[in-house]
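# Coordinate inspection notes
Below are the chains, spelled out letter by letter.
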Amino acid sequence: MKRTVGCLLSVCLALVLLSGCRREPGQSGAEGTSAGPDSGQSGAPQTAVWDGSVAGSFAGGDGSEADPFRIETASQLAFLAREVNGGKDYAGKYVSMVCDVDLNHVEWTPIGNGTHSFSGIFRGNGHTVSNLKMTDGARFAGELSSAETDQYAAGLFGTARNAVIRNVKINHADIVVQNLAAGQFVTVGILVGDLRADTYAEISGVSVADASIRNDFPETTAGELCIGGICGYVCGEDDAVIQNAQMQADVTVSIEKGMGDANRVGGLIGTFHSNRTGNVENCASYLSVEIHPELCYAYEGYFGAIGSIFSYDAFALSNVFSKTTVNKIDDVSDTLPAYSACVIAGFANFWPDDSVGEMKNVFGYVEQLDPQTGERVTSMELINRYPGGIYSEINCLGCEQLPENHGLDPTIWDLSTCPRLR
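Keep in mind that what you see is a predicted model, and the values were worked out from it rather than measured.

## Things to note about the pattern of salt bridges
- As enumerated under the stated definition, the model contains 15 salt bridges in all.
- R123 serves as the salt-bridge partner of E65, at 3.4 Å between the closest nitrogen and oxygen. Placement of E65 in the loop between β1 (48-49) and β2 (69-71) and of R123 in strand β5 (residues 121-134) is noted, with a sequence separation of 58 residues between them.

Shown next as structure tokens:
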């Protein structure tokens, strides 16, 4: 009898462990499976495939650290977007993914629309958001303007403020930038379009793979274009904007029909504007920029792991590898060169004179390719820096192959081929 009861208990326990994520309405059990290393689940839970619907609530939780709001389906992720865009910022609240979600190439409305932003703690727990599609971002009034629609933001999160986003993967994303108004400030990132830090913001353990951002608007429509594989625009008014940021991005940005008056494109971040302490570490950036052949130059085009950096206090980058590929040879004899591409930042301004900038264990290169002639030109310049501030480099080198003294931690980095974060 005891043996029978024990067997029944074992079967019940196995059924619980293998039950997986909640399916979307009408989803069959034949969908693919995936589980993150920190999901808190055993077995192989079902991937939640989106049908475009919005759930009426989370799967459970009270938003505390011990019992976070749980996202088990893609429609519950869409519920978070609806809640935030309706005015609930989730400040001090925890939101946790317990399942991979497949957005199924259905048009996504970003979490945070500028008027309202996400301010909570989002835990991806190693799970993946796949097949993100966006053809329309959020339009809102910028902080320095009275115009109602002078800023545009797009990404999984459109706008976030004082938010912490950890341990989430995004695979297969396609964002199209279009239908802009003249002079708009455009911020587009696969993860976050516009990230602000009045007190503290953090992005860590984030990866982006097989992602593209395409411009499809008349030339010079945008006033400023900030595009990043992780974040389009990061602005920090206080300390530690990006800390312990184990980020990597594999993204293609197409500058075909659309250029802004200024174009700042980064594999990680388009523009990093730091008024206090900014810190970026343990990052791998693989950026491919495709400029339309008929565009002789991209006015104020800055490309690199970070398109441009503006720092007014202390800024540090450490343990970074970056490769940027551009399908255009920069004609340095032209008075309007095609772009300024560097390993780390196409443009950096450390100001005032007592501001401090530092790079440590930073490596990579820029590869320029002519698609018609096959000509290949490489650049090893790490950063294009405007004079000013106190700036130092420790063990930094523009290079295609890592030197022996690269200093990257092999427990964090896979150094077997191209450097990647584990």
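Okay, back to it.
## Some remarks on helix α2 (residues 74-85)
- In a regular helix each residue adds 1.5 Å, so 12 residues correspond to 16 Å; α2 covers 17 Å between its end C-alpha atoms and thus fits that length.
- Judged by how many residues are buried, α2 sits mostly within the fold: 10 of 12 residues are covered.
- For α2, every residue scored as buried is listed here: A74, S75, Q76, L77, A78, F79, L80, A81, V84 and N85.
- Against the buried residues of α2 lie β1, β2, β3 (94-97), β4 (101-102) and β5.
- Looking one or two places after α2, you find G87, whose phi comes out positive at around 120 degrees.

## Observations concerning the environment of R214
- Checked against the element boundaries, R214 lands in strand β13 (residues 206-216).
- According to the relative accessible area criterion, R214 is partly exposed, its value standing at 34%.
- Between the alpha carbons of R214 and V253 there is a distance of 5.9 Å; along the sequence they are 39 residues apart.
- Ignoring any residue separated from it by four or fewer positions in sequence, one finds R214 in contact with D174, I175, V176, V177 and S254.

## Some thoughts on unusual backbone geometry
- You will see that N131, though not glycine, has its phi angle at about 60 degrees, which is positive.
- Relative to the elements of secondary structure, N131 occurs in strand β5.
- Here D210, not a glycine, exhibits a phi torsion of approximately 55 degrees, which is positive.
- Counting through the fold element by element, D210 comes out in strand β13.

## Regarding the pairing of β13
- Sheet topology places strand β9 (residues 164-178) next to β13; 9 bridges connect them, and they run parallel. When the bridges of β13 are listed, I170 appears paired with V208.
- In terms of strand pairing, β13 meets strand β16 (residues 247-255) through 7 bridges, oriented parallel. Within β16, the position partnered with S207 by the bridge is Q248.

## Focus: the packing of aromatic side chains
- Taken as a whole and assessed by the stated rule, the structure comprises 16 aromatic pairs.
- Ring geometry for W50 and W108: centres 5.5 Å apart, planes at 70 degrees, overall edge-to-face. Residue W50 is located in the loop between β1 and β2, and its partner W108 is located in the loop between β4 and β5; the two are separated by 58 residues in the primary sequence. Each member of the pair, W50 together with W108, is buried.
- Ring geometry for F58 and Y90: centres 6.1 Å apart, planes at 80 degrees, overall edge-to-face. Of this pair, F58 sits in the loop between β1 and β2 while Y90 sits in the loop between α2 and β3; the two residues are 32 residues apart in sequence, bridging distant segments of the chain.

## Re the nonpolar core
- Counting residues in hydrophobic clusters, the biggest one holds 97 residues, and the most contacted among them are W108, F122 and L191.
- Of the residues forming this core, the biggest block, 7 residues, is contributed by α2.
- When sequence neighbours within four positions are dropped, the list of residues in contact with F122 reads I71, L77, L80, V95, M97, F157, V164, I165, R166 and V168.
- In this structure, F363, L408, W413 and L421 belong to the second largest nonpolar core, which totals 9 residues.

## Structural notes on the confidence of the model for the protein chain
- Looking at the protein chain, the pLDDT average stands at 85 and 83% of residues meet or exceed 70.
- Across residues 1-19, confidence stays below pLDDT 50; counting only partners more than four residues off in sequence or on other chains, it has 4 contacts.
- This stretch, residues 26-44, has a pLDDT under 50; its non-local contacts, to residues over four places away or in other chains, come to 38 contacts.

## Focus: the pairing of β9
- Taken together, the 10 bridges between β5 and β9 define a ladder with parallel strand orientation. Considered in β9, the bridge of H127 is made with V168.
- Alignment of β9 against strand β12 (residues 202-204), held across 3 bridges, turns out to be parallel. Each residue of the ladder has a partner; that of R166, found in β12, is S204.

Reading the values: the criteria
Residues numbered from 1 in each chain as written. Predicted model: local features only at pLDDT ≥ 70, side-chain atom pairs only at ≥ 80, totals over all residues. Heavy atoms only, no water. Salt bridge = Lys/Arg side-chain N within 4 Å of Asp/Glu carboxyl O. Helix = DSSP H or I, 4+ residues; strand = E, 2+ residues; numbered from the N terminus. Expected span 1.5 Å × (residues − 1). Buried < 20%, exposed > 50% of the residue type's maximum accessible area, 1.4 Å probe, protein only. Contact = heavy atoms within 4.5 Å. Pairing = 2+ DSSP bridges. Phe/Tyr/Trp six-rings, centres within 6.5 Å; stacked < 30°, edge-to-face > 60°. Core = buried A, V, L, I, M, F, W, Y, C linked by side-chain atoms within 4.5 Å. pLDDT = per-residue confidence, 0-100.

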